[in-house]
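# Inside the fold
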Amino acid sequence: MSLLLIAPSSSAPGDPVPGQDDLPAAQSISLTEGAVSLAQVATVRGSKMFINIGGDGHPAFGVLYNNLFNTPAADPTSYVAQCIRNRPCVPDPFHQPECATDDPATRHSAAFFKARMYPATQLKDGGADVGLLAELPVRMVAFGSIPAVATLTLRASRVDGKVKPFEAYVWDTKSNGCDPEAPQHADTVVVGQIDVALSNLTVDGVPVDIGSACRTVRSADIQLRNTSVYTPAGGGTLGAYDGLGPASLGPLPSSPLYGDLSGWQIPATTGITIPPFEGCGNGSDDLSPLVTAMASGPNNPVTVRQSPLFQHYPGVDLDQLGTICTPEPPSCPLPGPDLPERPPLPAGDE
């Protein structure tokens, strides 16, 4: 892919770029790397809160590493495409024909590959806050009917001081086994963890001091599935809500291609659970129960729309996440994808 730079870097040559230490070294883990832009819609059922990220020309960004190295299995240093020219396949974990047996020749087989994405928010003075997905005002409802406004901060979790990225797992059906008429599938599962924090709360126009440490007691687990055609490099729409995707037919088999994923029983899709909050108060009053009642709870539906990958070479330039473009046809990460439609609420919700 040829690249066109349309804006100068804001960092002086030789200066460390903020956020660069939170990313893998250039060309160290994947076949291609670069920037994507994101727009997201979520519904917090308990407070009737709608969270819209992007869609106004100011999308969220992600640093995407596509086709993670997979060869050799123990310490991969290169990417080798699977399920072609006698290279190993895996059974399709979600779709198998009724005529399939234990004979691998009767079963749908799929190529399997991985991608990795780090949320990142560009900083005014250059570089990026890697891990920060969004910091934005949100409207909600307190005590069932009283309007409230707060600042919501969403961050990828950190483990041992390092940003924990989102991991994308892709299965692309390559053979139909015993049923040549069966449709082929491409299924993606994206998993990650997000820390959720609230600040600057006002209830019915009155400021409520919840301090600077009001956050969920643990990270929110994220599992997204493709709503139609989606690939990490090509983009598309992902979601987390009831009925979007089935559970895997069984645990993933033991395979060098899966590594630590071997034995994982992938659950059916549902909305995101927002854990209870803690640390919400001004030292004398613990307002965590109030915030928990407004913002926490299970099965909160989410949809995310992602742009195609805009490749950076020889490494990701955090000063230019939105300004590295393809000249033919002309395309850039900005203004970013349109907001997706609101995801469906669970059955029984109004």
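First things first, this report covers the structure right here in the doc.

What counts and what doesn't
- Residues numbered from 1 in each chain as written.
- Predicted model: local features only at pLDDT ≥ 70, side-chain atom pairs only at ≥ 80, totals over all residues.
- Heavy atoms only, no water.
- Helix = DSSP H or I, 4+ residues; strand = E, 2+ residues; numbered from the N terminus.
- Buried < 20%, exposed > 50% of the residue type's maximum accessible area, 1.4 Å probe, protein only.
- Polar contact = N/O pair within 3.5 Å; in protein donor to acceptor, adjacent residues only side chain to side chain.
- Contact = heavy atoms within 4.5 Å.
- 1 Å grid on protein atoms, 1.4 Å probe; cavity = no way out; pocket = protein on both sides within 12 Å on 5 of 7 lines; lining within 4 Å.
- Points joined across faces, edges and corners; volume = space filled by probe spheres on them.
- Nonpolar A, V, L, I, M, F, W, Y, C, P; charged D, E, K, R; others polar.
- Arc of directions from axis to C-beta.
- Disulfide = S-S within 2.5 Å.
- Core = buried A, V, L, I, M, F, W, Y, C linked by side-chain atoms within 4.5 Å.
- Salt bridge = Lys/Arg side-chain N within 4 Å of Asp/Glu carboxyl O.

### Thoughts on the side chain of S288
- Relative to the helices and strands, S288 resides in helix α1 (residues 288-295).
- Assessed through its relative accessible area of 6%, S288 is described here as buried.
- There is a polar contact of 2.8 Å between the side chain of S288 and the side chain of D286.
- Among residues more than four places away in sequence, those in contact with S288 are F277, E278, G279 and C280.

### What to know about empty space enclosed by the protein
- One pass over the full model with this rule turns up one cavity of 30 Å³ or more.
- The space that makes up the largest cavity amounts to roughly 540 Å³.
- The wall of the largest cavity is formed by 34 residues, among which Q40, L133, I194, I222 and V302 lie closest to the centre.
- Broken down by class, the residue content of the lining of the largest cavity amounts to 30 nonpolar, three polar and one charged.

### A short note on the environment of P16
- Examined against the element boundaries, P16 turns out to sit in the loop between β1 (4-5) and β2 (30-44).
- In this structure, the C-alpha to C-alpha distance between P16 and G127, residues 111 residues apart in sequence, is 8.9 Å.

### Brief notes about α1
- Along α1, the residues classified as buried are S288, L290, V291, M294 and A295. When α1 is viewed along its axis, its buried side chains cluster within an angular range of 160 degrees and face the same direction. For α1, the exposed residues set more than 90 degrees away from the buried face come down to P289 and A293.
- Count one or two residues on from α1 and you reach G297, which has phi positive near 140 degrees.

### So, the layout of surface pockets
- Of the volumes computed, that of the largest pocket is approximately 510 Å³.
- Lining the largest pocket are 20 residues, with L68, F69, P76, K114 and Y258 positioned closest to its centre.
- Residue assignment for the lining of the largest pocket shows that the elements contributing at least two residues are β6 (109-122) and β12 (166-175).
- Tallied by class, the residues present in the lining of the largest pocket amount to 13 nonpolar, three polar and four charged.

### Comments concerning the state of the cysteines
- What the rule picks out here adds up to four disulfides.
- Between the sulfur of C83 and that of C89 lies a disulfide, 2.0 Å long from S to S. Residues C83 and C89 are joined through a disulfide that is right-handed, its torsion about the S-S bond being 95 degrees.
- Residue pairing for C99: its cysteine sulfur links by disulfide to C178, the two sulfurs lying 1.9 Å apart.

### Thoughts on the nonpolar core
- Residues L198 and F277 are the most contacted members of the largest nonpolar core, which totals 48 residues.
- For L198, the contacting residues outside a window of four places in its chain are M140, A150, T151, L152, I210, C214, F277, V291 and A295.
- By size, the runner-up hydrophobic cluster in this structure holds 16 residues, among which are Y65, Y118, V163 and L318.

### With respect to the environment of E135
- Along the chain, E135 turns up in strand β8 (residues 132-142).
- With a relative accessible area of 55%, E135 lands in the exposed category.
- Separated by 18 residues in the primary sequence, E135 and T153 have C-alpha atoms spaced 4.4 Å apart.
- Residues in contact with E135, not counting those within four places in the same chain, are T151, L152 and T153.
- At a separation of 3.2 Å, a polar atom in the side chain of E135 contacts the side chain of T153.

### Quick notes on the pattern of salt bridges
- On inspection of all chains with the given rule, the structure shows five salt bridges.
- The salt bridge partner of R116 is E167, with a shortest N-O separation of 2.9 Å. Here the residue R116 occupies a position in strand β6, and E167 occupies one in strand β12, the gap between them amounting to 51 residues.
- A residue is classified by how much of its surface remains accessible, and R116, at 22% relative accessible area, is partly exposed.
- With a relative accessible area of 16%, E167 lands in the buried category.
- The shortest N-O distance in the salt bridge between D129 and R155 comes to 2.6 Å. Within this pair, whereas D129 is found in strand β7 (residues 128-130), its partner R155 is found in strand β9 (residues 146-156), the two being separated by 26 residues in sequence.

These figures capture arrangement, not role.
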